[in-house]
Amino acid sequence: MIAEAQQTEYPYFVKIETSTGQSAQVPIAFLTREQVENFLQFDFKRLVQEAGIKGARIHVERASTADYAKVLGDVAGCLRGATAQVA
């Protein structure tokens, strides 16, 4: 447990594509290197099998956190949109 607490988390950009052309993106996920390995080797394969999808692909790359202002702007825009829908 101590070793797990000392592992550094990194931001990753994750894009999933199916053979039918559908895709989903997770812009920033904070994971340790071990979590990325487990996700790719076990969890993603299991999720694809459970969904009954053939030919799914995943692309994972380290994300840059230098654009923090954009993240804040996106969150603020989302919240303003939610507020407009409530009113």
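Please read all numbers here as calculations on a predicted model, not as lab measurements.

So, the overall build of the chain
Per the secondary structure count, the chain includes three helices and three strands. Evaluated residue by residue, the chain yields a buried proportion of 11% over its 87 residues. For the chain, the share of sequence-separated contacts (at least 6 apart) that also reach a separation of at least 24 residues comes to 51%.

Examining the environment of G55
Tracing the backbone shows G55 in the loop between α2 (33-51) and β3 (57-62). Counting along the chain gives 36 residues from G55 to S19, while the straight-line C-alpha distance between them is 5.2 Å. Look past the residues within four positions of G55 in its chain and what remains in contact with it is E17, T18 and S19.

A short note on the pattern of salt bridges
Across all of its chains, the model carries four salt bridges by this definition. Here E17 and K15 are joined by a salt bridge, their closest N and O atoms 3.4 Å apart. Among the salt bridges present, the one from D43 reaches R46, with a minimum N-O distance of 3.6 Å. Taken together, the positions of D43 and R46, both in helix α2 and three residues apart, correspond to about one turn of that helix. On the basis of relative accessible area, R46 is assigned to the partly exposed category, the value being 39%.

Comments concerning the confidence of the model for the chain
With 77% of its residues at a pLDDT of at least 70, the chain reaches an overall mean of 78. Between the elements of the chain, mean pLDDT differs from a low of 57, seen in helix α1 (residues 2-6), to a high of 88, seen in α2.

Section: the side chain of T32
Residue placement: T32 occurs in the loop between β2 (23-31) and α2. Under the relative-accessibility criterion, T32 is labelled buried at 6%. The contact partners of T32, leaving out residues within four places of it in the chain, are Q7, T8 and E9.

So, the side chain of T18
Structurally, T18 can be placed in the loop between β1 (10-17) and β2. Among the residues examined, T18 registers a relative accessible area of 19% and is labelled buried. Within polar-contact distance, the side chain of T18 engages the side chain of T20 at 2.9 Å. Setting aside residues no more than four positions away along its own chain, T18 makes contact with I53, G55 and A56.

Cut-offs and rules
- Residues numbered from 1 in each chain as written.
- Predicted model: local features only at pLDDT ≥ 70, side-chain atom pairs only at ≥ 80, totals over all residues.
- Heavy atoms only, no water.
- Helix = DSSP H or I, 4+ residues; strand = E, 2+ residues; numbered from the N terminus.
- Buried < 20%, exposed > 50% of the residue type's maximum accessible area, 1.4 Å probe, protein only.
- Contact = heavy atoms within 4.5 Å.
- Salt bridge = Lys/Arg side-chain N within 4 Å of Asp/Glu carboxyl O.
- pLDDT = per-residue confidence, 0-100.
- Polar contact = N/O pair within 3.5 Å; in protein donor to acceptor, adjacent residues only side chain to side chain.

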